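Working through the structure, step by step
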Amino acid sequence: MMRQPAASWKTAILLLLLSLFVAFVAARDFRVMNAPDVFAPAEGFARKMLSEYFPPLKGTTADTPVFIREGKEPGGTVLILGGTHPVESAGILAATLFLENASVPRGRLIVIPNANAMALTHNSPQEGHPQRIHFALKDGSTRVFRYGSRATNFTDEWPFPEIYVHPASGQKLSGKERSNLNRCYPGVPDGSMTERLAFAIVELIRKEKVDLAFDLHEASPEYPVVNAIVAHERSMELAAIVTMELEGLGIPIRLEPSPKNLRGLSHREWGDSTDVLPILMETGNPSQGRLRGRTDERLVLTGEDKAYVKAAALGRLFIPYEGNQLIAYRVARHVTAIRVFVENLEMVRPGKGVTLEGIPQYEEILKQGVEAFLKPVPKKREV
Amino acid sequence: MVSVRKVFVAVCVLLCFAGASFAADIALTSAGQSPDAMMVRVVLKKLGVEADSDPLMKPEGLTQKILIVVIGGSSKGLGAAGIDKDQEIARLSALLKAAAGKNVKILAMHVGGEGRRGKLSDEFITAVAPAADKLVVVEGGNADGIFTNLTKEKKTPIHGAPNVSGVAAPLKEILAEWGIPAK
Ligand SMILES: [Zn+2]
């Protein structure tokens, strides 16, 4: 009867050790999300950091690589931003395809594949989101991309305000939107981390005199602005030309104007604070939707979901859905739209044209997959 | 003195708005503030045809021979223009009435296909289509016969097109018929 304490003592120690072990494993898993993704830029890209455009960012979690390719012949400057929302993998991958395949005979190409690096250091396990997605390359190696969160890591944005008052306009949004890069433009130099990041990106657009800038996104199939271009009024004529050309290529895309009264978004604020032609694009991604079933890496890569088949049959979706939304299809849409935009830039900005070569065609990406256009990278870590 | 100044101001304003295409024969406007009107403007440019384009064109501004109204509702577009659906319909009714009064030919176009149908767009279709002299409708836009029904009495000719770029052919034909040669 009196020997019980000894048993409890042992149990307590065991449980303590077990919980330490679990904490250790979880912490390791959490910390490993801090390791940056590795890219293999095509020849001629110079690697800078965003903090070179806004030094206070240096050494902070918001700093992120900026890759610049300068063409021999002078022309305009194009910026491609992936990873504003790191749950929208097609945006990161489309930016990566340009970074790893483009040669630039004329003008300049700037690629920021991980726009909000602070949103890549955590994910949403309760949504069933995977931590990473993988692509098997021909040479037997694997490319790994983090699947982050829509929002900046809590550790960078704590505490949230109750209400986020957009500093430039006084617009009121839910407090958590202060962690959303695409609500923080044009940014604040001494604001929250996400506001500072937004400020740095606008500084880059200004200092590099960017002519045409893309912010790449994905959205759930039940969201009305999907398979879509959203254009600032200054970009509207170019966007109209591109919409028609894409339609001719068998890629129907919706063109929507950037609302003047919806503040903090790239397609509004980039255009209002600089001379750039801003373009935001969305593809349809069932892994972001509310109707989805089992959520895992497979869903992110294939977009196959039974519930979406039903929703499509009921006419509830804003994209044609025939059982999947392959990552290759979503990336091909972004890549092709960017290519067509760039091809027509000269028409609206004489003397500011940009020539890109080596960019895979729509059909090529569909047939061969995204992995065919990703380059092997030095193996840095096992994940 | 006042009247001279007024005329001067009016001329300045006109020059500002019209720019190089001061003498255009075609007025282009939107019904519903979707970007579809911009696409038609691009098609016209490709055809080498000048048009005075103003998505919010008012009846007073209408001095051209032909009025092209591109129908397509966009709540974002209406929001961007700072107007609501009813104000847009009121503007269109006044504009269409002025066009009829000035013997301006009216071409109504719906280029957004099935994607540019729905409650909002349908209200603009209902407001504009009956007043048109001719219609160009991209495939899918008239799948349920809305344009056919609205123009039954007038027997308005409806030209089809496979997609936005494809409206160039019927557009060219109609403009030629109305005395505007295109490339
Ligand atoms: Zn997004």
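Provided above is the structure to which this section pertains.
Residues numbered from 1 in each chain as written. Chains lettered and ligands numbered in written order. Predicted model: local features only at pLDDT ≥ 70, side-chain atom pairs only at ≥ 80, totals over all residues. Heavy atoms only, no water.

Residues and elements named next belong to chain A. Around the zinc ion, the protein contributes the donor atoms His85 (ND1), Glu88 (OE), Glu88 (OE) and His217 (ND1), which lie 2.1 to 2.4 Å from the metal centre. One way to put it: the four donor atoms around the zinc ion meet at angles of 58 to 152°, and that makes the site irregular. Counting along the primary sequence, the residues that act as donors to the zinc ion give the motif H-x2-E-x128-H. A residue pair is termed long-range when its members are at least 10 positions apart, and glutamate 88 in the loop between β3 (73–81) and α2 (89–101) and histidine 217 in strand β9 (residues 212–219) qualify at 129 residues. The same class applies to glutamate 88 and to histidine 217, which are both buried. (Donors = N, O, S within 2.8 Å, 3.2 Å for Na, K, Ca; no water. Tetrahedral: all angles 85-135°; square planar, octahedral: opposite > 155°, others 65-115°. Helix = DSSP H or I, 4+ residues; strand = E, 2+ residues; numbered from the N terminus. Buried < 20%, exposed > 50% of the residue type's maximum accessible area, 1.4 Å probe, protein only.)

Here we take up the interface of chain A and chain B. Each partner contributes residues to the interface: chain A has 17 residues there, and chain B has 18 residues. Taken together, the two surfaces of chain A and chain B that pack against each other cover about 1,500 Å², and 61% of this comes from carbon and sulfur. Together, Glu237, Met244 and Glu247 of chain A form the three largest contributors to the area buried by chain A at its contact with chain B, with a combined 37%. Where chain A touches chain B, the interface holds three salt bridges. The partner of lysine 45 of chain B in a salt bridge is glutamate 237 of chain A, with the nearest N and O atoms 2.6 Å apart. Our count for the chain A to chain B interface comes out at seven residue pairs in polar contact (both at pLDDT 80 or more). Elements supplying a minimum of two residues to the side of chain A that touches chain B: α6 (236–248) and β11 (254–257) of chain A. Counting residues per element, the side of chain A that touches chain B draws most heavily on α6 of chain A, which supplies seven residues. (Contact = heavy atoms within 4.5 Å. Buried area = accessible area lost by both parts, 1.4 Å probe. Salt bridge = Lys/Arg side-chain N within 4 Å of Asp/Glu carboxyl O. Polar contact = N/O pair within 3.5 Å; in protein donor to acceptor, adjacent residues only side chain to side chain.)

Most of strand β3 (residues 66–71) of chain B is tucked away: six of the six residues are buried. Here β3 of chain B shows a buried face lined by Ile66, Ile68 and Val70 of chain B and a second buried face lined by Leu67, Val69 and Ile71 of chain B.

Attention now moves to the pattern of salt bridges. Summed over all chains, the structure comprises 31 salt bridges over all chains. Notably, a salt bridge pairs glutamate 123 of chain B with lysine 85 of chain B, separated by 3.3 Å at the nearest N-O pair. Of the two residues, glutamate 123 of chain B sits in helix α5 (residues 119–128) while lysine 85 of chain B sits in helix α4 (residues 85–101), which places them 38 residues apart along the sequence. Exposure remark for lysine 85 of chain B: the relative accessible area of 27% places this residue in the partly exposed category. Across the salt bridge formed by aspartate 122 of chain B and arginine 117 of chain B, the nearest N and O atoms sit 2.7 Å from each other. Salt bridges sharing partners connect three or more residues here, namely Arg254 and Glu256 of chain A together with Asp36 and Arg116 of chain B.

Right, let's get into the environment of alanine 200 of chain A. Residues and elements named next belong to chain A. With respect to the element layout, alanine 200 can be found in helix α5 (residues 193–207). In this structure the C-alpha to C-alpha distance between alanine 200 and glycine 289, which are 89 residues apart in sequence, comes to 31 Å. Setting aside anything within four residues of it in sequence, one finds alanine 200 in contact with Leu50, Tyr53, Phe54 and Leu57.

Any two aromatic rings considered together are summarised by their centre-to-centre distance and by the angle between their planes. Residues and elements named next belong to chain A. Evaluated as defined, the whole model comprises nine aromatic pairs over all chains. Ring geometry for phenylalanine 54 and phenylalanine 199: centres 4.9 Å apart, planes at 65°, overall edge-to-face. Placement of the pair is phenylalanine 54 in the loop between β1 (45–49) and β2 (65–70) and phenylalanine 199 in helix α5, with a sequence separation of 145 residues. What makes phenylalanine 199 buried here is its relative accessible area of 18%. Relative to phenylalanine 341, the ring of phenylalanine 214 lies with its centre 5.4 Å away and its plane at 75°, an arrangement referred to as edge-to-face. Placement of phenylalanine 214 in strand β9 and of phenylalanine 341 in helix α10 (residues 327–348) is noted, with a sequence separation of 127 residues between them. (Phe/Tyr/Trp six-rings, centres within 6.5 Å; stacked < 30°, edge-to-face > 60°.)

Attention now goes to the nonpolar core. Residues Leu109, Phe135, Leu212, Phe214 and Phe341 of chain A together with Ile68 of chain B are the most contacted members of the largest nonpolar core, which totals 92 residues. With eleven residues, α10 of chain A is the single largest residue contributor to this core. The contacts of isoleucine 68 of chain B, once residues within four sequence positions are left out, are Ile26, Ala27, Leu28, Thr29, Val40, Leu44, Leu107, Met109 and Leu171 of chain B. Core analysis: the second largest hydrophobic core is formed by 30 residues, Leu79, Met118, Ala198 and Val276 of chain A among them. (Core = buried A, V, L, I, M, F, W, Y, C linked by side-chain atoms within 4.5 Å.)

Assignment of secondary structure puts alanine 337 of chain A in helix α10. Residues in contact with alanine 337 of chain A, not counting those within four places in the same chain, are Val242, Leu246 and Met281 of chain A.

Residues and elements named next belong to chain B. Of note, aspartate 52 is situated in strand β2 (residues 52–53). Of the side chains with opposite charge, arginine 41 comes closest to the buried, unpaired aspartate 52, at an N-O distance of 9.4 Å. A distance of 2.6 Å separates polar atoms of two side chains, one belonging to aspartate 52 and the other to glutamine 64. (Lys, Arg positive; Asp, Glu negative; His and termini not counted.)

Okay, α5 of chain A next. Residue and element names in this part refer to chain A. Between the first and last C-alpha of α5 there are 21 Å, a value that for 15 residues agrees with the 21 Å anticipated at 1.5 Å per step. In terms of burial, α5 is a largely internal element, twelve of the 15 residues being buried. Residues of α5 that are buried include every one of Met193, Thr194, Glu195, Leu197, Ala198, Phe199, Ala200, Ile201, Val202, Glu203, Leu204 and Ile205, and no others. (Expected span 1.5 Å × (residues − 1).)

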